[in-house]
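As a plain string of letters, each chain reads:
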Amino acid sequence: MTERKYRTNLNCGSCVAAVTPHLNGEGRIRRWAVDTKNPDKVLTVEGEGVAADTVERLVAAAGFR
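All figures in this text were calculated on a predicted structure; none of them were measured in a lab.

Looking now at helix α1 (residues 13–24). One turn of an α-helix holds 3.6 residues; hence residues three or four places apart share an orientation. Given a rise of 1.5 Å per residue, 12 residues ought to cover 16 Å, and the 16 Å separating the end C-alpha atoms of α1 matches this to within 8%. When α1 is considered as a whole, its buried residues turn out to be C15, V16, V19 and L23. Each buried residue of α1 sits inside an arc of 85° when the element is viewed along its axis, so together they form one side. Opposite the packed face of α1, turned more than 90 degrees from it, sit the exposed residues G13, S14, P21 and N24.

This is the structure:
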């Protein structure tokens, strides 16, 4: 399983709730979490074969980067 980390602009629980259906809907993502307390708002994604552009597209679909 591969783990990737992304710097985001997901600032709060509402932001995380907005991306939840997008990330949960991607079958290759096994687990994900956002550290909103980290200044870089780090999104950690675990899964097999999940390309960076896929994660970026899913987050962007919810209105974030």
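We are not done yet, so read on.
We now examine the side chain of E46. You can see E46 is positioned in strand β3 (residues 42–47). Polar side-chain contacts of E46 include one of 2.7 Å to the side chain of R31.

Attention shifts here to helix α2 (residues 52–61). Inspection of α2 places T54, V55, L58 and V59 among the buried residues, and these make up the whole buried set. On an axial view of α2, the arc spanned by its buried residues comes to 130°, and they lie on one face. In α2, those exposed residues whose orientation departs by more than 90 degrees from the buried face are D53, R57 and A61. Tucked inside the fold, the buried residues of α2 contact β1 (2–7), α1, β2 (29–35) and β3.

Definitions and cut-offs
- Each residue is numbered by its place in its chain's sequence as written, counting from 1.
- Only residues with pLDDT of at least 70 get local features here, since the model is predicted, and only at 80 or more are side-chain atom pairs given and counted; chain-wide, interface and lining totals rely on the full set of residues.
- Excluded from the side-chain calculations are hydrogens and water; all other atoms, namely the structure's heavy atoms, are used.
- A run of H or I in DSSP counts as a helix once it spans at least four residues, and a run of E counts as a strand once it spans at least two, with each numbered from the N terminus.
- One less than the number of residues in a helix, times 1.5 Å, gives the span that helix is expected to have.
- The classification of residues rests on relative accessible area computed with a 1.4 Å probe and restricted to protein chains. Under 20% of the type maximum is buried, over 50% is exposed, and intermediate values are partly exposed.
- An arc is given here, and it is the one of the directions from the helix axis to the C-beta atoms.
- Polar contact is defined as a pair of N or O atoms within 3.5 Å, subject to the rule that within protein one atom must be able to donate a hydrogen and the other to accept it, and that residues adjacent in sequence are counted only when both atoms are side-chain atoms.
- Whether two residues are in contact is decided by their heavy atoms: any pair within 4.5 Å suffices.

Everything listed here is a matter of geometry and, on its own, says nothing about what the molecule does.
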